Amino acid sequence: MTVAVTPDTQVDRSAGVTAPAGFRAAGVIAGIKPAGTPDLTVVVNDGPADIAAGVFTTNKVKAAPVLWSQQVLTAGVLKAVVLNSGGANACTGPEGFQDTHKTAEKLAEVLGVGAAQIGVCSTGLIGERLPMDKLLPGISAAVEALGDGPEHGLAAATAVMTTDNVPKQAALTHPDGWSIGGFAKGAGMCAPNMATMLSVITTDAVLDQPHLDHALRNAVGKTFNRLDVDGGTSTNDTVLLLSSGASGVTVTPEAFEAALTTLAADLVKQLQADAEGVTKHVSITVQGAATEAEALAAAKIVAEDNLCKTAFFASDPNWGRIAMAVGNAPTAFDPSLLDITLNGAAICVAGGKGVDRSEADLSGLEIDVLIDLHAGPASATVLTTDLSHAYVEENSAYSS
């Protein structure tokens, strides 16, 4: 997932969705969360263009807002997005879908547009209806609070947080005169496979919808889909990309995809750093696989294995657990050629013991796992975290 950073791709974390021209945003307290913290975000595209693309969870159990946003995005147009935290609106039946429809209708009414031009996202506890008596007035309050300053982008990123500790945003301004910005939320139930993780990305670049959609899918495949905190692909995973075209600068698909991938990679690093209970930032690279798909499958098996994750938490260079996990992957290789390197120490060589375990120092925040299968030319990297006491405690009490 490494993306080359050049003067054209410098990421600024002090800005977000309002950095590109043509966008306003707000994040407010609607009263959805009992704690009284910000819980409702609105992002508006003032144009002149209103094209959009989205990728969504592959989970068969899809939340009502995912079903709604998938439906409206078939036209490739969005005027605005409304996002709530404090409730996922998943597994809520036809009534939950009606709530999503009412949410879109309310924002459309206030903005003077059609409901089919409104994207909806939700995040929080699964299985409970949303308090519409609080959410709908909150939409009016959010529209009143809309602005295009950096503080408005930060407020939008803050109001989507659930178990996140900090808001996550980034922006990138290209020297040719166009920008891209976005925010993301997610800390647990976080193994995005799109195409609980939400992201809205905005740009003022001029690009047609097919290329916008293609760039988003490629970028997500290289970034969001290479993060695996706990193997839980949420019912609500969504990434939306909106283009205002307000810069007036037409960009090549290649330049746009490169910038989008850089921005998304930075958001993913922020998600990894704020994962629930995290004490280790773990990068797992599998090289020497026959195909990239096989390399990715092997890396994800290690990332999701609880025995590996608890070893990472303990700073324990237990390479046997990694070998075990790789052996369970749907990946072809000769075990007698397997190499495993931990933080630069070749701890497993040719399927057996390499240097002494004491040479693999895992005591710091960063753990780099390199697995060489010697079975082909392909490689892939997955970002993950450890499995800590704090992760167990936080998730064991999440609904209570």
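In this text the structure is predicted, and so the values were computed from the model without any measurement.

Caption draft 1: Spotlight on the pattern of salt bridges. Considering all chains together, one arrives at nine salt bridges under this definition. Here Asp99 ties to Arg129 by a salt bridge, and the two come within 2.6 Å at their closest N and O atoms. Remark: Arg129 occurs in the loop between strand S6 (118-123) and helix H3 (132-144) and Asp99 occurs in helix H2 (residues 93-111); sequence separation between them is 30 residues. With a relative accessible area of 1%, Asp99 lands in the buried category. Under the relative-accessibility criterion, Arg129 is labelled partly exposed at 47%. Salt-bridge contacts for Asp164 lead to Lys168; the nearest nitrogen and oxygen are separated by 2.7 Å. An identical accessibility class is assigned to Asp164 and Lys168; each is buried. Each of Asp164, Lys168 and Asp274 takes part in one network of salt bridges that share partners.

Caption draft 2: Representation of the sheet that holds strand S2 (residues 23-28). Taken in spatial order, the four strands line up as S2-S3-S5-S6 in an open sheet, and their pairing is mixed. Whereas interior strands pair on both sides, the edge strands pair on one side only; in this sheet they are S2 and S6. Ignoring which end each strand starts from, the neighbouring axes of this sheet average 10° apart. By the bridge criterion, six bridges tie strand S5 (residues 80-85) to S6 in an arrangement that is parallel. Residue pairing across strands places Leu83 opposite Cys121, the latter belonging to S6.

Caption draft 3: Structural detail: the sheet that holds strand S9 (residues 198-203). If you trace the six strands from one edge of the open sheet to the other, you get S1-S7-S8-S9-S10-S4, paired in mixed fashion. Of all the strands in the sheet, the pair left with one neighbour each is strand S1 (11-12) and strand S4 (51-56). The sheet contacts of helix H4 (residues 150-158) involve strand S7 (168-174) and strand S8 (178-185), and relative to S7 the element is tilted by about 140°.

Caption draft 4: Representation of the environment of Asp99. Separated by 32 residues in sequence, Asp99 and Pro131 have C-alpha atoms that sit 9.3 Å apart. Aside from chain neighbours lying at most four places away, what touches Asp99 is Asn89, Arg129, Leu130 and Met132. Within polar-contact distance, the side chain of Asp99 engages the side chain of Arg129 at 2.6 Å.

The rules behind the values
Residues numbered from 1 in each chain as written. Predicted model: local features only at pLDDT ≥ 70, side-chain atom pairs only at ≥ 80, totals over all residues. Heavy atoms only, no water. Salt bridge = Lys/Arg side-chain N within 4 Å of Asp/Glu carboxyl O. Helix = DSSP H or I, 4+ residues; strand = E, 2+ residues; numbered from the N terminus. Buried < 20%, exposed > 50% of the residue type's maximum accessible area, 1.4 Å probe, protein only. Pairing = 2+ DSSP bridges. Axes fitted to C-alpha atoms, helices over the stretch in contact; angles between N-to-C directions. Contact = heavy atoms within 4.5 Å. Polar contact = N/O pair within 3.5 Å; in protein donor to acceptor, adjacent residues only side chain to side chain.

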